[in-house]
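# Summary of the model geometry
Each chain, written out:
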Amino acid sequence: MIDYRTVYTICPFCGTGCGILLEVMNGRLEGVLPCKTNPVNQGKLCIKGWSAHEFVHSPDRLKKPLVRKDGRLEEVEWDEALSFIASRLKAITQAYGPDSFGAFSSAKCTTEENYLLQKFTRAVIGTNNIDHCARL
Amino acid sequence: MTNSVEELEDAACILIIGSNTTVAHPIIATRIFRAREKGAKIIVVDPRKTHIASYADLYLAEKSGTDVAVINGLLHIIIKEGWYDKEFVEKRTEGFAVLKTFIEEYTPARVSEITGIPEVQLRQAAEMFAKAKQSSIVYCMGITQHTVGVDNVLSLANLSMATGHIGKWASGVNPLRGQNNVQGSTDMAAIPNVLPGYQSLADDAVIAKFETAWGVTLPRKPGLTIMEMMDAIGTGGIRALYVMGENPMVSDPDIQHVKKALESLELLIVQDIFPTETVALAHVVLPGVTFAEKDGTFVSTDRRVQRIRKAIEPIGEARPDWQIICDVAHAMGAPDFDYASPSEVFDEIASLVPLFAGISYDRIAENGIQWPCRTKEAPSTVFMHKDTFSKGLGTFKPVAYKAPAELPDEEYPFILITGRDAFHYHTGSMTRRSKSLTGQINRCYVQIHPADAKKLRIKAGQLTRLRSRRGAIEVEARITPIVQSGSVFVPFHFAETAANVLTNPALDPVVKIPEFKICAVKLEKVA
Amino acid sequence: MDRLREGIRDALTEGPVAGVMGLILDGGHPRPHLFTKGRIEDLDRLVVGEARYPLAAVLLKVLRNDLDAHLGIVARGCDERAILELVRNVQLNGERVVVFGVACSSEQASACQCPQPYPSSHLSGERVAPVSDSEGLDRLDRLSEEERLQYWMDQFGKCIKCYGCRNICPMCFCTTCTLDEDDLIQTGTIPPEKPIFHLIRAFHMAERCIDCGLCEAACPSGIPLRTLYKKMRNVVTTRFGFTPGITKEGKGPLQYLGDGKFGEQEGH
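No experiment lies behind these values; they were computed from the predicted model shown.

Conventions and cut-offs
Residues numbered from 1 in each chain as written. Chains lettered and ligands numbered in written order. Predicted model: local features only at pLDDT ≥ 70, side-chain atom pairs only at ≥ 80, totals over all residues. Heavy atoms only, no water. Salt bridge = Lys/Arg side-chain N within 4 Å of Asp/Glu carboxyl O. Helix = DSSP H or I, 4+ residues; strand = E, 2+ residues; numbered from the N terminus. Buried < 20%, exposed > 50% of the residue type's maximum accessible area, 1.4 Å probe, protein only. Contact = heavy atoms within 4.5 Å. Buried area = accessible area lost by both parts, 1.4 Å probe. Phe/Tyr/Trp six-rings, centres within 6.5 Å; stacked < 30°, edge-to-face > 60°. Pairing = 2+ DSSP bridges. Axes fitted to C-alpha atoms, helices over the stretch in contact; angles between N-to-C directions. Nonpolar A, V, L, I, M, F, W, Y, C, P; charged D, E, K, R; others polar. 1 Å grid on protein atoms, 1.4 Å probe; cavity = no way out; pocket = protein on both sides within 12 Å on 5 of 7 lines; lining within 4 Å. Points joined across faces, edges and corners; volume = space filled by probe spheres on them. Domains from an automatic or database assignment. Polar contact = N/O pair within 3.5 Å; in protein donor to acceptor, adjacent residues only side chain to side chain.

Further remarks concern the pattern of salt bridges. What the rule picks out here adds up to 52 salt bridges over all chains. Arg-61 of chain A is paired through a salt bridge with Glu-293 of chain B; the nearest N and O atoms lie 2.9 Å apart. With Arg-61 of chain A in the loop between helix H1 (47-50) and strand S4 (66-69) and Glu-293 of chain B in the loop between strand S11 (284-287) and strand S12 (296-299), the pair connects residues from two separate chains. We note that Arg-61 of chain A, like Glu-293 of chain B, is buried. Via salt bridges that share partners, Glu-9, Asp-10, Arg-31, Arg-34 and Lys-38 of chain B belong to a single interconnected network.

What follows concerns the interface of chain B and chain A. Chain B puts 145 residues into the contact, and the matching count from chain A is 96 residues. Across the interface of chain B and chain A, roughly 10,500 Å² is buried in total on both sides, 66% from carbon and sulfur atoms. When the buried surface of chain B facing chain A is broken down by residue, Ile-27, Phe-291 and Met-332 of chain B rank first, second and third, together holding 7% of it. The interface formed by chain B and chain A contains eight salt bridges. A salt bridge links Lys-64 of chain A to Glu-317 of chain B, with the nearest nitrogen and oxygen atoms 3.2 Å apart.

Further remarks concern the packing of aromatic side chains. The description of an aromatic ring pair uses the distance of the two centres, along with the angle that the planes make with each other. Per the counting criterion, the structure on display carries 20 aromatic pairs over all chains. Ring centres 6.1 Å apart and planes at 70 degrees place the aromatic pair Tyr-115 of chain A and Trp-214 of chain B in the edge-to-face group. Note that Tyr-115 of chain A is positioned in helix H3 (residues 111-125) and Trp-214 of chain B in helix H11 (residues 204-214), a pairing that runs across two chains. Across the pair, exposure class does not vary: Tyr-115 of chain A and Trp-214 of chain B are buried alike.

All names here are of chain B. The sheet built from six strands closes into a barrel, its strands ordered S16-S20-S17-S19-S18-S23 with mixed pairing. Between one strand axis and the next, the sheet turns through 45 degrees on average, direction left out of account. When strand S16 (residues 414-419) meets strand S20 (residues 487-491), the two strands line up parallel, connected through five bridges. Across the sheet, Leu-416 pairs through a bridge with Val-488, a residue of S20.

All names here are of chain B. Turning to its location among the elements, Lys-517 is positioned in the loop between strand S22 (514-515) and strand S23 (519-525). On the basis of relative accessibility, which here comes to 13%, the residue Lys-517 falls in the buried class. Considered as a pair, Lys-517 and Leu-218 are 299 residues apart in the sequence and their alpha carbons are 37 Å apart. Setting aside anything within four residues of it in sequence, one finds Lys-517 in contact with Met-141, Gly-142, Gln-145, His-146, Leu-416, Ile-417, Thr-418 and Gly-419.

Now for the interface of chain C and chain A. Between chain C and chain A, the residue contacts involve 32 residues of the former and 25 residues of the latter. Taken together, both faces of the contact between chain C and chain A bury some 2,200 Å²; the carbon and sulfur share is 66%. In terms of surface lost to chain A, no three residues of chain C exceed His-29, Tyr-53 and Lys-61 of chain C, which account for 24% of the buried area on that side. Counting across the interface, chain C meets chain A through one salt bridge. Where the side of chain C that touches chain A is concerned, the elements lending two or more residues are strand S1 (19-26), strand S2 (29-36), helix H2 (55-65), helix H7 (164-168) and helix H9 (214-218) of chain C. Here the residues of the side of chain C that touches chain A are counted per class, giving 20 nonpolar, seven polar and five charged.

Right, let's talk about the layout of surface pockets for a bit. Empty space within the second largest pocket amounts to approximately 1,300 Å³. Together, 46 residues line the second largest pocket, and Arg-166, Asn-167, Cys-172, Cys-174 and Thr-175 of chain C are the ones closest to its centre. Elements with a contribution of two residues or more to the lining of the second largest pocket: strand S2 (19-25), strand S3 (28-34) and H1 of chain A, helix H17 (435-438) of chain B together with H2, H7 and helix H8 (196-205) of chain C. The dominant element in the lining of the second largest pocket, judged by the number of residues it contributes, is H2 of chain C, at six residues. Considering only residue class, the lining of the second largest pocket consists of 22 nonpolar, 13 polar and eleven charged.

Now for the sheet that holds strand S13 (residues 304-308) of chain B. Pairing is antiparallel in the open sheet, where three strands are placed in the order S12-S13-S14 (chain B). Unpaired on one side and paired on the other, S12 and strand S14 (369-370) of chain B mark the two borders of the sheet.

Glancing now at the pairing of S3 of chain A. The side chains of a regular strand alternate between the sheet's two faces. Residues and elements named next belong to chain A. Across the seven residues of S3, five count as buried, placing the element largely inside the fold. As judged from the six bridges shared by S2 and S3, these two strands associate in the antiparallel manner. Residue Val-24 lies in a different strand from S3, and its bridge partner there is Leu-29. Between S2 and S3, which pair antiparallel and follow one another directly, the connecting turn spans two residues, one of which, Asn-26, has a positive phi of 50 degrees.

Next up on the list: the domain arrangement of chain C. Residue and element names in this part refer to chain C. Along its sequence, chain C is carved into domain 1 (2-112) and domain 2 (135-255). Taking only C-alpha atoms, the centre of domain 1 and the centre of domain 2 are 26 Å apart. Every contact between the two is made by 16 residues of domain 1 and, on the other side, 25 residues of domain 2. The junction of domain 1 with domain 2 conceals about 1,600 Å² of combined surface from both sides, 55% of it contributed by carbon and sulfur atoms. Applying the counting criterion to the domain 1 and domain 2 interface returns zero salt bridges. For the interface between domain 1 and domain 2, the tally reads ten residue pairs in polar contact (both at pLDDT 80 or more). Secondary-structure elements contributing two or more residues to the side of domain 1 that touches domain 2 are H2 and helix H3 (77-88). For the side of domain 1 that touches domain 2, the element with the highest residue contribution is H3, accounting for seven residues. In terms of residue class, the side of domain 1 that touches domain 2 is made up of nine nonpolar, two polar and five charged.

Right, dumping it as structure tokens:
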């Protein structure tokens, strides 16, 4: 039996903030409908909004953490990637101080994620070296 | 935006400057078309005759990089003719006398000389904008991506205050944000010089509040911007870099310099959804998820906080980005960072950021709320600066016209403008994996004026080499009068022929934005 | 409304339908949703008429993934007109689609300028009179040919090529589309080649347009698309006595083109 539902969310492209309905069929995105009742776009979308589901299931998606070994990126488990990061970050910041770390946050990510990455940068590492591509 | 998207359709005059609205913000262009339908006057100022310019009542074809001169010229006429809003200037602003004197020298004749805009058009635009009941300014990266980006923005603020076209319904200054959540990222202080909610690093009470909440001692020294970090990597100042969902190998100016910098890092962590050009240089890669696989909020261009919702399970072993940051923090031994959901993170934000204090997931379940929203009872702030500016009186800050950092010369005789195409987005990592969009266009191009094409014997579709002092790319020629003779335009979405190989990393001295809109190049037909 | 809900509940629990396409009100926004037996409680949030989505097109999308499914649809007049044409064009099997009809209120009918604001049978609502608005068309018909061309070129020039008119259209059921073909219309530019982009679509609407107006409502540039397609619809009605979505029996006239025998076959 087919499961079809729509999920109300916001377009991931430009900063207009158009409401979209993601069409989900059996756990996969099958399309986008413009949300008729969102006050910003009132049922209209541009071609990027209409196509916002298409890249999600791309076969190119990164599906596992990768760590560079002998010059090549190799798939590893999450625990290995995380402890690799922790040990390297600790070593570098202990040797050269917190300002030897920098973070590029993302205007594509959520507000909460941006908050968390700046909190990590400021509270865990101890530097204000964080920026994102607002200027780009 | 000081106004809301909805308000634009009620404006009586809209001045669009440095915004290719139908291409980069099509659904905001919807409101501009509606305003036009209702009789509004549309003025477009742009070095390119953009799509929306062909629907303008007045199109001012400025020379690249002369925006300050244009605006000062309009102010000169408006003040001379007595078309400014005397009451608003008196009650709401300070420094008008200084502006008035300063603007004296921007006579229509001189401004026309600098900008290439006929005097009569300057007069028409000044009158249309000043005299309309509600005028709004709409601008985008054509204003900001200059070494005089801040000056450009200040001069627009001068124009809106002098004419009293701010702080009212359908009247204000409206920068269009280029990315879904660039507003939210900035609000959350993913920038080096403030704490979340634009709270000052120099304010002891603010620092104390965050230190108590986070249980740490915070660094007080402002950090580095992206462009400064790139330079600091080269000099050994920065040794470890955590890049979340960014692709500087395509988005940043002078890519060869970027590549050298990233390659010299001791640790490059990249968190992304696709194997981008930046991922290729990483030491460790963390698979994040798309907007469709997680909950959270985006803050759109009119300060509207809206929820995004998880529609499908994460692909493969990818994890939501908020969770990954917490995982990294835990691995580092940080005691905090225990959140069951993004909603809990948001509640922490609301407790620390006054602009967001009244917002919660419950309140924005249906429709978004526009900040500032300081209490649980407060409604959306539909337009800003109604009775007062955030600092009280608005101060006029006169700015002088300055030439761009790199202008054409004999060796590099063309101005290169970079920007967006209608069918792709930023570095293309998402849109170039979308068949509807690649079906429209999947190759870079250069727009060349017919007269220049004729001179150089370049034909439509021909491969053309563009070379700047920093590098070269070869792309297909599109012959079009959209660009002025002497200028060319290249979209920056295409990594294999990245426009940013050419661009000049010269920065605005205040906000460090690169001058993407102007650098000097030469054109050659590829044999 | 209760009768409608009961009708659907019965059909899902006892009857042959495995799911019913309709609108669910969730978080303040009505959205298309497939109501199923497994989640019968969703029916409490079934709404009608709060917003218009191309429910017939969504139903078709679901059925293309499950050709044997037997589904229902909560249909207003426009949705039923779409179903009728999708069946006539052999996209849907009429025997596998159960229509739960809802008549629109006079406010809804006039908001949509609906040519037939009720399905052939309905479980809910009172039948109200059609609202026919030909004002826009009449005004354009009074213009000279040159002025009219100028008007449409100006309108087509606003197009940002979102394909919203096609994407939202319940009658755009093709799996490949002329409007995507670079050989026929230049891709990758806005506005798209004019007038060809819009005229091709208008011609393709000739025998299909059910005059629901979803295209115009979805157009970011405010192009009066419905007026354009109404013109095509009127031509087809006048020339062939066939009105898509209204004429119940027989094939559409374009299905005969080529043999010159329209009007002599199958009851015409």
